[in-house]
Amino acid sequence: MYQLLLQQFLRTKTCQLGLALVLILGILSIITGKQFLLDQEKIASQVAAKQGEHIERNLELHGDDLPLLLYYLKFSLVSQPYPLAGLSIGQKDVNPSVQRVTILTLEGQKYDADLVNPTKLLYGNLDLSFIIVYLFPLLIIAFTYNLFSEEAESGTWKMVNTMAKSTIQFLLAKLIVRFLLLASVLLLLLVAGVLIMGISINGIFLLFTISSILYLIFWFVLCFWIVCLRRNSNFNALTLLSFWLILVILLPAFINNYLTNAYPIPEALSTMIKQRDGYHKKWDSEKRATMVKFYEDYPQLKHHGFPPEEGFDWPWYYAMQHLGDLESREESNAMQEKIRLREEMSRLCARFIPSLHIQLAHNDMAGTGLLQHMNFLALTTDFHKKTRLYFYPKIFGNESPESVNWQDFQPNQIQLRGEISWFTVLMPLLLSILLFSGLSAMQIRKDLRA
């Protein structure tokens, strides 16, 4: 029976057009993902080459004055994506993957974005995760909305009711055929992604695959519940499209707007103002007062003493820069905490919205979500502090640039991924599947009693 149902379904225009569409867009998404990974590799290699040239050029211009040289020098921290990021680009196309910072005030430097094509940002990237979250549910709706009503409206249901051992088993068989067909297409695209992008088949990839399959099962179960109501095709199509619009578009947009209003971030502006004020006001204050505050953070440099009040002094200048960050630290920490709180609340809400949940989970698995970027910014702060700690003693000790082994300053490369829990990822999907399976079973029992 399954072979006959499969052959019959494959002959339909809906099946042929739907499969052709998802395969074409799926291949395009994989090509897009591969290009994204190549672009990231290109950026990383360019940063490595350019940093050496950048240091050499500035050594030629300012090689006799270390403090002046460090005013211009930038040091790079690169966030290298996992190959799985090609399947779920997430926010990696918006948030910078490279931080190039001087040892001056940090806050203003952390939020510099990559130079990217604005038209590309406008249209966004077509990754496989987008195909799974948005396109596959529409295809499932198109394949299943008339699972029962097609037979009833064409007049063949009475014959099916007479010949089939169980009409429910017949409907389930049609549903299973469609599920196996789409699951096979999804697995084919994932295999293509593995081969083209060089993705490792490890636990994270298996979780990505299983969660995607469960997401398809959720939509099939939801569609089957609507089919079990035994209404006409127009009602089924309209109802299922409404579910798609609510679950995929409206609810995520509502949650985003709610969290934006519930957790405003005025600190984004006040951080910039405090940092600039904290730095610029030091020009008009006593140098000794500035150095006293600076030595509270760097007591190991206190033995260098205090500069004269008259004239310019490089150690005092770098102390001013540090105090600019210091005075904006409270606002900066508050801003980051609110962003993390927004993200945590969105994940809590997403547990009840499978489309949003699977999207966030895919980004976590690929290391392309907002939390991973916040962690990257935190590592940038640590990197900046480590670089300062290396150069401050040389600046305060009036050492020359020759005392530094500049070959050691290569771009630091890191990879970030969220904390992945199989239970956290799979349980919301399983509960959603059980919910609509239960609703379908209740409707079937109701029909049997009738």
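One can find the structure itself at the top, above this paragraph.
Residues numbered from 1 in each chain as written. Predicted model: local features only at pLDDT ≥ 70, side-chain atom pairs only at ≥ 80, totals over all residues. Heavy atoms only, no water.

### Regarding the overall build of the protein chain
Thinking step 1. Counting secondary structure elements, the protein chain contains 18 helices and 3 strands.
Thinking step 2. Expressed as a percentage of its 450 residues, the buried residues of the protein chain come to 48%.
Thinking step 3. Residue pairs in contact within the protein chain that sit at least 24 positions apart in sequence constitute 83% of those at least 6 positions apart.
Thinking step 4. Total accessible area on the protein chain is roughly 22,800 Å²; 60% of this is exposed by carbon and sulfur atoms. (Helix = DSSP H or I, 4+ residues; strand = E, 2+ residues; numbered from the N terminus. Buried < 20%, exposed > 50% of the residue type's maximum accessible area, 1.4 Å probe, protein only. Contact = heavy atoms within 4.5 Å. Areas by Shrake-Rupley, 256 points an atom, 1.4 Å probe, with all protein chains shown as cover.)

### Digging into the pairing of strand E1 (residues 75–79)
Thinking step 1. Counting buried positions along E1 yields 5 of 5 residues, so the element is predominantly enclosed.
Thinking step 2. Side-chain alternation along E1 places Phe75, Leu77 and Ser79 on one buried face and Ser76 and Val78 on a second face that is also buried.
Thinking step 3. Taken together, the 4 bridges between E1 and strand E2 (residues 98–101) define a ladder with antiparallel strand orientation. Within E2, the residue paired with phenylalanine 75 across the bridge is valine 101. (Pairing = 2+ DSSP bridges.)

### Regarding the side chain of histidine 54
Thinking step 1. Looking at where histidine 54 falls in the secondary structure, it is placed in helix H2 (residues 13–62).
Thinking step 2. From its side chain, histidine 54 meets the backbone nitrogen of lysine 74 in a polar contact 3.0 Å long.
Thinking step 3. Excluding its chain neighbours within four sequence positions, the residues that come into contact with histidine 54 are Tyr72, Leu73, Lys74 and Arg100. (Polar contact = N/O pair within 3.5 Å; in protein donor to acceptor, adjacent residues only side chain to side chain.)

### A few points about the packing of aromatic side chains
Thinking step 1. Enumeration according to the criterion identifies 30 aromatic pairs in this entry.
Thinking step 2. Residues tyrosine 295 and phenylalanine 396 carry aromatic rings whose centres are separated by 6.4 Å and whose planes lie at 55° to one another, so their mutual orientation is tilted. Here tyrosine 295 is found in helix H13 (residues 287–297), whereas its partner phenylalanine 396 is found in helix H17 (residues 370–396), with 101 residues between them in sequence. Per residue, the accessibility class of tyrosine 295 equals that of phenylalanine 396, and both read buried.
Thinking step 3. An aromatic cluster is defined as three or more aromatic residues linked by ring pairs; in this entry it consists of Tyr71, Tyr72, Phe312, Trp314, Trp316, Tyr317 and Tyr318.
Thinking step 4. Of note, arginine 178 hangs over the ring of phenylalanine 9, and the distance from its end group to the ring centre comes to 4.1 Å.
Thinking step 5. Above the face of the phenylalanine 235 ring, arginine 231 is positioned so that its terminal group lies 4.1 Å from the ring centre. (Phe/Tyr/Trp six-rings, centres within 6.5 Å; stacked < 30°, edge-to-face > 60°. Lys NZ or Arg CZ within 6 Å of the ring centre and 35° of its normal.)

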